[in-house]
Amino acid sequence: MKSPSPTRRIAVMEEKYREPALALVEEVFTEHDGPQEGRTVRRLVEEIRAKRYYLPELELVLVDARDDVIGYAMFSRFHIEGRYEDALLILTPVAVKTALQRRHISKDLIEYGFERAQAMGFRAVLVEGDPRNYNPRGFETSADHGIVAGPNIHLPHVCCLMVRELVPGGLEGMHGAVDYGFYDALSQE
């Protein structure tokens, strides 16, 4: 994929971006959903980084000409009922500096992540969020594909849990209930 612009570039996570990426994630989620959510999402990133689901090559940042982190997206391994972790990823979180939103930063990060993930052999990506943000990236309601929210996941609407194939037929045979119980940061609510 080509660079998003001459003054911006996508980078795979490096040590120098680790803390600035955490700060960006916490700041963005705090601004949009409050301090509790900001802290929770920051803890989630720290936890994913420490677990076997972490894929450093799929923790992505978009940096500006000063090398400041202005966008962030993390794809990590995910399982449904103990299955599919070598085929399925979850996209969470995605954050863009508030003043720079709606400028294709998340789009560029997500599409770059799709390319990398497909090259690594992953077949599909799961995401929870606003369908208006993710449907344009090819995500569809996961329940339509037999992947449903488990009893501990409370969605505003069924269409807020979505999935996208990275390869044709990538969802074939995948089904079950999604549960975030293996993430301590999400179960401490």
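A short tour of the structure in this document, coming up. Everything numeric here is computed off the predicted structure, so don't read it as measured data. (Residues numbered from 1 in each chain as written. Predicted model: local features only at pLDDT ≥ 70, side-chain atom pairs only at ≥ 80, totals over all residues. Heavy atoms only, no water.)

## Some points on the overall build of the protein chain
Of the regular secondary structure elements, the protein chain holds five helices and nine strands. Listing each helix as α and each strand as β along the protein chain from the N terminus yields β-α-α-β-β-β-α-β-α-β-β-β-β-α. In terms of C-alpha radius of gyration, the protein chain reaches 16 Å, essentially the compact-globule figure of 16 Å for 189 residues. Viewed in the frame of its principal axes, the protein chain has a C-alpha envelope of about 45 × 35 × 30 Å. Of all intrachain contacts in the protein chain linking residues separated by at least 6 positions in sequence, the fraction that spans at least 24 positions is 70%. Counting every atom, the protein chain has about 9200 Å² of accessible surface; 49% of that belongs to carbon and sulfur. (Helix = DSSP H or I, 4+ residues; strand = E, 2+ residues; numbered from the N terminus. Rg over C-alpha atoms; globule rule 2.2 N^0.38 Å. Contact = heavy atoms within 4.5 Å. Areas by Shrake-Rupley, 256 points an atom, 1.4 Å probe, with all protein chains shown as cover.)

## Overview of the nonpolar core
One finds Val-61, Tyr-72, Phe-78, Leu-126 and Val-178 to be the most contacted residues of the largest nonpolar core, which totals 40 residues. Among the secondary structure elements, those contributing two or more residues to this core are helix 1 (15-33), helix 2 (35-50), strand 2 (59-63), strand 3 (69-77), strand 4 (88-96), strand 5 (124-128) and strand 8 (161-165). Counting residues per element, this core draws most heavily on helix 1, which supplies seven residues. Discounting chain neighbours no more than four positions away, the residues touching Val-61 are Arg-9, Ile-10, Ala-11, Met-13, Tyr-17, Ala-21, Val-69, Gly-71, Tyr-72 and Leu-109. Counting residues in hydrophobic clusters, the runner-up holds 26 residues, among them Ile-10, Leu-55, Phe-114 and Val-125. (Core = buried A, V, L, I, M, F, W, Y, C linked by side-chain atoms within 4.5 Å. Buried < 20%, exposed > 50% of the residue type's maximum accessible area, 1.4 Å probe, protein only.)

## A closer look at the pairing of strand 5
With respect to burial, strand 5 is a largely interior element, four of its five residues being buried. Inspection of the sheet shows strand 4 paired to strand 5 by three bridges, in the parallel sense. Each bridged residue has a counterpart across the sheet, and for Leu-88 the counterpart in strand 5 is Ala-124. Crossover handedness for the path strand 4 to helix 3 (residues 105-119) to strand 5: right-handed. Relative to strand 8, strand 5 is paired through five bridges, and the arrangement is antiparallel. Among the inter-strand pairings, Ala-124 is bridged to a residue of strand 8, identified as Glu-165. (Pairing = 2+ DSSP bridges. Right-handed = clockwise from strand over helix to strand, strands pointing away.)

## Observations concerning the pattern of salt bridges
Once the charged atoms of two side chains with opposite charge are near each other, the side chains can pair. Taken as a whole and assessed by the stated rule, the structure comprises 17 salt bridges. One salt bridge connects Arg-42 with Glu-19, and the closest N-O pair in it is separated by 2.7 Å. Of this pair, Arg-42 sits in helix 2 while Glu-19 sits in helix 1, placing them 23 residues apart in sequence. Accessibility expressed as a relative area gives 16% for Arg-42, which makes it buried. Of the residues examined, Glu-19 reaches a relative accessible area of 45% and is grouped as partly exposed. Close ionic contact of Arg-66 with Asp-64 constitutes a salt bridge, the shortest N to O distance being 3.4 Å. The exposure class of Arg-66 is exposed, given its relative accessible area of 65%. (Salt bridge = Lys/Arg side-chain N within 4 Å of Asp/Glu carboxyl O.)

## Notes on the packing of aromatic side chains
This model, assessed by the stated rule, comprises eight aromatic pairs. Aromatic pair Phe-78 and Tyr-180: ring centres 6.2 Å apart, planes at 65°, arrangement edge-to-face. Remark: Tyr-180 occurs in the loop between strand 9 (176-178) and helix 5 (184-187) and Phe-78 occurs in the loop between strand 3 and strand 4; sequence separation between them is 102 residues. Looking at Tyr-180, the relative accessible area reads 14%, which means it is buried. Over the ring of Phe-114 we find Arg-164; its NZ or CZ atom is 4.0 Å from the centre of that ring. (Phe/Tyr/Trp six-rings, centres within 6.5 Å; stacked < 30°, edge-to-face > 60°. Lys NZ or Arg CZ within 6 Å of the ring centre and 35° of its normal.)

## Side note on the packing of helix 1 against helix 2
Remark: helix 1 packs on helix 2, axes separated minimally by 6 Å, with the N-to-C direction vectors making an angle of 150°. Considered as vectors, helix 1 and helix 2 are oriented roughly antiparallel to each other. Here helix 1 and helix 2 pass one another in a crossing that is right-handed. Residues Arg-18, Glu-19, Ala-21, Leu-22, Ala-23, Val-25, Glu-26, Phe-29, Thr-30 and Asp-33 of helix 1 pack against Pro-35, Glu-37, Gly-38, Arg-39, Val-41, Arg-42, Val-45, Glu-46 and Arg-49 of helix 2. Grouping the constituent residues of the contact of helix 1 with helix 2 by class yields eight nonpolar, two polar and nine charged. (Axes fitted to C-alpha atoms, helices over the stretch in contact; angles between N-to-C directions. Parallel < 35°, antiparallel > 145°, perpendicular 65-115°, else oblique. Left-handed = near helix turned anticlockwise from the far one by under 90°. Nonpolar A, V, L, I, M, F, W, Y, C, P; charged D, E, K, R; others polar.)

In short, shape yes, function no, at least from these values alone.
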